[in-house]
Amino acid sequence: MATSLPLSTDQIDAHNAERMAALQDDYASLGRQLARRGLDIDAVKAKVAGFTVAVPSWGAGRGGTRFAKFPIPGEPTTIHEKLEDCAVINQLSRATPRVSPHFPWDKVSDYKALREEAESLGLGFDAVNSNTFQDQPGQAQTYATGSLSSTVEATRQQAVAHNIECIEIGRKLGARDLTVWVGDGSNFPGQQDFARSLDRYLEAAAQVYAALPDGWRMLLEHKMFEPAFYSTVISDWGSSILAAQTLGPKAKCLVDLGHHAPNVNIEQIVARLHRFGKLGGFHFNDSKYGDDDLDSGSINPHQLYLVFNELVEAELNPRDGFDPAYMIDQSHNVTDPIESMLSSAEAIVGAYAKAVLVDRDALHAAQEANDTMMAFQALRRAYNVDVAPILAMARVEAGGAIDVLAAYRDAGWRERKAQQRRPVGLGAGIV
């Protein structure tokens, strides 16, 4: 199918032409620096060019807080407009060729046509996400008592049916993963029986698991708190891996950077989940206090790098397999969402590139020799490299922009869409 990209390729080419000489100079200089370490910059660039991360359909719109939402002109109101914006992100970054949809937010009558529409924009679909944390118009049962762990049998069956519906939609879209996050939990001591609520969750989740087609995975997403603030049914990676092991080999764990207690060693969690064959996916964002859904790498870029150090270790030592679903998952309440996801994609790919630069032989030798300082320095040397020329060269060779934010602003996309799209109304909440 012929693609119809949203931005003018001539404009991107002109943008790159103005910057190409400087990029070539920076790339050559970095190449000489890396060569002195025994590294081939072109080989690193090839690895970077092969790395991709999905963007969430809902991330194309302005998010908010639990109290208010402040929309901006030109933000999308339909899945079709969301796909347009996601195509802009991928056209400039060349790192985000897949979109992760959320249902029923992205529900349409013709999913074959939606898949073709995405393909015409150069996009495919990633994991499909179910929504059993929010009541919908016309819904028979409320999720006020929970969903897969609700004490109400009819509510649990409604949640099961919705997840199975999402699987069927995903099949039509060409997806192969179902992400299941539930907000089930309690706000008061004694409100729920911890053991029985988990039993109900596992029994209901097993029905969803049984509906998975061949080649599909069920990604279990844990979260420490919110919307329940005393207890959450799947609250941490321990609960998640126990549930995944109980359900079966097609159930994997999904790690969201913001879904942990402050100062938790997330990179160790990544290593543990991979060790037991249960690392199924990763949601990238950043946080300061809790599940803040801030732009990736905006608060703690070193943690992002350390996470990628473990992901690269897992990639090099796949054990029973290593094929995680990577996705940006963040909420933008003070920025243009496209700009935030462009910036985040660059931060994520940059962290991956730095992890690729780690001298694994030196690192492992220092670890085996209990040489703490040299092991740390092996990581620090790679982290200190400015990999921007590698990222930019990989982008431009794939048809993307050298400076993604400048190219986006020069294109005037948001201003044009502000004239074409209906305004988003004021609202409360994060979605």
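For the structure, check the block above.
1. Thoughts on the environment of Arg 381
Here is step 1: Looking at where Arg 381 falls in the secondary structure, it is placed in helix α12 (residues 372-383).
Here is step 2: The sequence separation of Arg 381 and Ile 164 amounts to 217 residues, and the corresponding C-alpha distance is 47 Å.

2. Considering the sheet that holds strand β1 (residues 55-56)
Here is step 1: Reading across from one edge, β1-β2-β4 is the order of the three strands in this open sheet, with parallel pairing throughout. Whereas interior strands pair on both sides, the edge strands pair on one side only; in this sheet they are β1 and β4 (124-125).
Here is step 2: Of the pairings in the sheet, the one linking β1 to strand β2 (residues 98-100) comprises two bridges and is parallel in character. The residue bridging Pro 56 from the neighbouring strand is Ser 100, located in β2.

3. Concerning the sheet that holds strand β3 (residues 102-103)
Here is step 1: Strands sit in the order β3-β5-β6-β8-β10-β11-β12 across an open sheet of seven strands; the sheet is parallel. Looking at strand neighbours, the two that pair on one side only are β3 and β12 (325-328), the edges of this open sheet.

4. Considering the environment of Pro 213
Here is step 1: Mapping Pro 213 onto the fold places it in the loop between α6 (194-210) and β8 (217-221).
Here is step 2: Accessibility expressed as a relative area gives 14% for Pro 213, which makes it buried.
Here is step 3: When the C-alpha positions of Pro 213 and Phe 125 are compared, they lie 17 Å apart, and in sequence the two are 88 residues distant.
Here is step 4: Those residues in contact with Pro 213, other than ones at most four positions away along the chain, are Ile 167, Arg 171 and Lys 250.

5. So, the pairing of β8
Here is step 1: Within β8, five of the five residues are buried, leaving the element largely enclosed by the surrounding structure.
Here is step 2: Neither face of β8 is left uncovered, since the one carrying Arg 217, Leu 219 and Glu 221 and the one carrying Met 218 and Leu 220 both have all their residues buried.
Here is step 3: As defined by bridge partners, strand β6 (residues 177-180) adjoins β8 across four bridges and the pair is classed as parallel. Each bridged residue has a counterpart across the sheet, and for Val 180 the counterpart in β8 is Leu 220.
Here is step 4: The sheet contact formed by β8 and strand β10 (residues 251-256) spans four bridges and is parallel.

6. Some remarks on helix α13 (residues 388-397)
Owing to its 3.6 residues per turn, the α-helix aligns residues three or four sequence positions apart on the same side.
Here is step 1: By the criterion of burial, α13 is predominantly enclosed, with eight of the 10 residues buried.
Here is step 2: Of the residues making up α13, those classed as buried are Pro 389, Ile 390, Leu 391, Ala 392, Met 393, Ala 394, Arg 395 and Val 396.
Here is step 3: Where α13 is buried, its residues contact α1 (9-35), α2 (41-49), α3 (79-93), α10 (337-357) and α14 (404-411).
Here is step 4: Positive backbone phi, at 100°, marks Gly 399, one or two positions downstream of α13.

7. What about the pattern of salt bridges?
Here is step 1: All chains considered together, the criterion is met by 24 salt bridges.
Here is step 2: A salt bridge links Arg 171 to Glu 168; the shortest N-O distance between them is 3.7 Å. Remark: Glu 168 and Arg 171 occur in helix α5 (residues 153-173); sequence separation between them is three residues, near one turn of the helix.
Here is step 3: For Glu 168, a relative accessible area of 35% corresponds to the partly exposed category.
Here is step 4: Ionic pairing is found between Arg 395 and Glu 346, a salt bridge with its closest N-O pair at 3.4 Å. Residue Arg 395 is located in helix α13, and its partner Glu 346 is located in helix α10; the two are separated by 49 residues in the primary sequence.
Here is step 5: Taking the relative accessible area as the measure of exposure, Arg 395 reaches 7% and is therefore buried.
Here is step 6: Look at Glu 346 and you get partly exposed, because its relative accessible area is 31%.
Here is step 7: Among the charged side chains, a salt-bridge network with shared partners connects Glu 84, Asp 85, Asp 336, Arg 414, Lys 417 and Arg 421.

8. Notes on the side chain of Ser 147
Here is step 1: Inspection of the secondary structure puts Ser 147 in the loop between β5 (128-130) and α5.
Here is step 2: Residue Ser 147 is classed as buried on the basis of its relative accessible area of 0%.
Here is step 3: For Ser 147, the residues in contact, after removing those within four places along its chain, are Thr 132, Thr 155, Arg 156, Ala 159, Val 182 and Asp 184.

9. As for the packing of aromatic side chains
Here is step 1: Enumeration according to the criterion identifies 15 aromatic pairs in this entry.
Here is step 2: Ring centres 5.6 Å apart and planes at 75° place the aromatic pair Phe 51 and Phe 308 in the edge-to-face group. Taken together, the positions of Phe 51 in the loop between α2 and β1 and Phe 308 in helix α9 (residues 301-316) put the pair 257 residues apart, joining distant regions of the chain.
Here is step 3: For Phe 51, a relative accessible area of 7% puts it in the buried group.
Here is step 4: Overall, Phe 308 belongs to the buried group, its relative accessible area being 0%.
Here is step 5: Taken together, the ring pairs in this structure connect Phe 51, Phe 282, Phe 284, Phe 308, Tyr 326 and Tyr 352 into an aromatic cluster.
Here is step 6: In this structure, Lys 250 is placed above the aromatic ring of Tyr 209, and the distance from its NZ or CZ to the ring centre is 5.8 Å.
Here is step 7: Above the ring of Phe 276, the side-chain terminus of Arg 275 is found at 4.8 Å from the ring centroid.

Cut-off values and rules
- Residues numbered from 1 in each chain as written.
- Predicted model: local features only at pLDDT ≥ 70, side-chain atom pairs only at ≥ 80, totals over all residues.
- Heavy atoms only, no water.
- Helix = DSSP H or I, 4+ residues; strand = E, 2+ residues; numbered from the N terminus.
- Pairing = 2+ DSSP bridges.
- Buried < 20%, exposed > 50% of the residue type's maximum accessible area, 1.4 Å probe, protein only.
- Contact = heavy atoms within 4.5 Å.
- Salt bridge = Lys/Arg side-chain N within 4 Å of Asp/Glu carboxyl O.
- Phe/Tyr/Trp six-rings, centres within 6.5 Å; stacked < 30°, edge-to-face > 60°.
- Lys NZ or Arg CZ within 6 Å of the ring centre and 35° of its normal.

So far we have only geometry, and geometry alone does not tell us how the molecule works.
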